[in-house]
Amino acid sequence: MRTGRSPIRVLVIGGGIGGLCLAQGLRQAGVDVQVYERDESADGRRQGYRLRISPEGEAALLACLPAPLARLLAATANTRDDSGLVAYDEQLVEQWAPHFDDPRAGLDDKIDAVDRVTLRRILLAGLDEVVHFGKNFQRLERTADGRVTAYFEDGTEAAGDVLVAADGTNSRVRAQLRPQDVPQDLGIRTIFSRIPRAEAIAAGLPPALQDRFSYVIGTDGHHLGLMPMLFRERPSQAAARLWPQARLVDSDDYYMSVFNVHQQDLGIGDEEFFALSGEELCALVVDRTKAWHPDLREIFAFALPETTFAVPLRATRPVRAWETGPVVPLGDAVHAMPPSGGVGANTAVRDAQALSGLLAAVDRGERELAGAVAEYQEAMVGYATEGVEMSLRIAQWSIKTAEA
Ligand SMILES: Cc1cc2nc3c(=O)[nH]c(=O)nc-3n(C[C@H](O)[C@H](O)[C@H](O)COP(=O)(O)OP(=O)(O)OC[C@H]3O[C@@H](n4cnc5c(N)ncnc54)[C@H](O)[C@@H]3O)c2cc1C
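Residues numbered from 1 in each chain as written. Predicted model: local features only at pLDDT ≥ 70, side-chain atom pairs only at ≥ 80, totals over all residues. Heavy atoms only, no water.

A. Spatial organisation of the site of the ligand. For the ligand, the set of nearby residues contains 32 residues, the closest of which are Gly 18, Glu 37, Arg 52, Arg 116 and Asp 332. Asn 136 is positioned with one of its side-chain polar atoms (N or O) 2.9 Å from a nitrogen atom of the ligand. The separation between a nitrogen atom of the ligand and a polar main-chain atom of Phe 137 is 2.9 Å. Computed on the free molecule, the ligand has an accessible area of 1000 Å², of which 90% lies beneath the protein chains in the complex. Of all the secondary-structure elements, those providing two or more residues to the shell around the ligand are helix 1 (17–28), strand 3 (50–52), helix 4 (116–124) and helix 11 (344–363). Each residue belonging to the shell around the ligand can be placed in one class, and the counts come to ten nonpolar, eleven polar and eleven charged. (Near = heavy atom within 4 Å. Polar contact = N/O pair within 3.5 Å; in protein donor to acceptor, adjacent residues only side chain to side chain. Areas by Shrake-Rupley, 256 points an atom, 1.4 Å probe, with all protein chains shown as cover. Helix = DSSP H or I, 4+ residues; strand = E, 2+ residues; numbered from the N terminus. Nonpolar A, V, L, I, M, F, W, Y, C, P; charged D, E, K, R; others polar.)

B. The sheet that holds strand 11 (residues 162–165), seen in detail. Taken in spatial order, the five strands of this open sheet run 7-2-1-11-17, and their pairing is parallel. The two strands at the open ends of the sheet, each matched to only one other strand, are strand 7 (131–132) and strand 17 (327–329). Note: strand 11 against strand 17, three bridges, orientation parallel. Looking at strand 17, one finds that Ala 165 is bridged to Pro 329. (Pairing = 2+ DSSP bridges.)

C. Structural context of the UniProt feature "domain: FAD-binding" (unreviewed entry) in the protein. UniProt marks residues 316–368 with the feature "domain: FAD-binding" (unreviewed entry), using the numbering shown here. The distance from the first to the last C-alpha atom of residues 316–368 is 29 Å, and the span holds 38% helix and 6% strand. (UniProt positions renumbered as here; feature names shortened; annotations may be inferred.)

D. Just helix 3 (residues 67–75), in detail. Every buried residue of helix 3 is accounted for by Leu 69, Ala 70, Leu 72, Leu 73, Ala 74 and Ala 75. Contacts made by the buried residues of helix 3 are with helix 1, helix 2 (55–64), strand 6 (113–115), helix 4 and helix 7 (235–242). (Buried < 20%, exposed > 50% of the residue type's maximum accessible area, 1.4 Å probe, protein only. Contact = heavy atoms within 4.5 Å.)

Structure follows, in structure tokens:
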């Protein structure tokens, strides 16, 4: 074991959920960290809406965030108990209602789902001097002294002892170092949207669909998910009480809706599909559900076109450790998975908790970097593989049911 402090500088490429959670954890441990994010600002792109948080994800977020921010996250989380879902066929006949064990079920401050924009702003709180927006990573170079330099498209560069690849499913760091590890396309296209809750209820959304995670498996191969996000407390009000500098934006309660369709059933190629506008995507879903139960047909009629977008579903198989050098992978960059299980972000924050603890030990001079990175990756490959397989089982379960 080494003795004496050996301060390190950690460069994080990507200020998404995993990269920011890592930065919070490292800051709490007193480690020098700098985050480089491609977007120009915190609101730079469509990031999706509601995120399910698992008990493991909750524990990791609470461990990485300073106590007032952890309380702010709990105060703005979803109020409803999300430990189960109800699956229906397209005529709204209940098929399955599994319940998942959760040791924290029923607690007032339990975090089972959060609004993604609120989470990102909480993860950014207190990091103004650490997060650099508008930094599009281009490539890296390892130097003879074992350090690493990152180069950005604006012509700037940054050097550090460790570089964490937290740049998501299309990771450029991975493309440079591990081009063979590209996530597989699962052949499913997903249309996400946001539906204001009050309007949907006023327009007659049936009570059975109002407060639970509902999942509809059409015998035609299409699937529709509807997930409520009911804020426990208005974000701006909770921030004023707990962390006034946090720039939280209020939002009405809403549903995140998710519509899955097989690429081969679309009748158009990817280029044409991904160029469709929000209005056209909403119209596509309304058309594909026209033979469904009238209460389900109505759902996408409430969707806001400007919040509607499509993504391809992908998965990394197998999940593999990278070389145990100064470049360390985290989150979707190393273990992309379909959102079917609600596991990807939870796995990314679990990575952040594990890696921040080990890098803090390196910084204190208690561990060698290579050993710490190997320990992190061994554990990560294990639980991330389970996460990918579980997400695929859920996706395949619904596909098989549809084909039966
Ligand atoms: C609609 C949707 C719903 C989901 N729901 C859930 C859920 O309920 N629960 C769950 O656990 N998971 C869910 N997921 C998955 C989850 O969003 C991801 O697993 C999670 O965001 C991964 O975190 P990350 O930090 O690895 O990547 P990201 O959050 O994608 O962050 C990557 C960051 O890197 C930045 N970046 C990319 N390239 C560069 C570059 N060249 N230079 C600098 N920066 C770069 C990006 O701008 C981004 O900010 C969902 C995904 C989607 C699409």
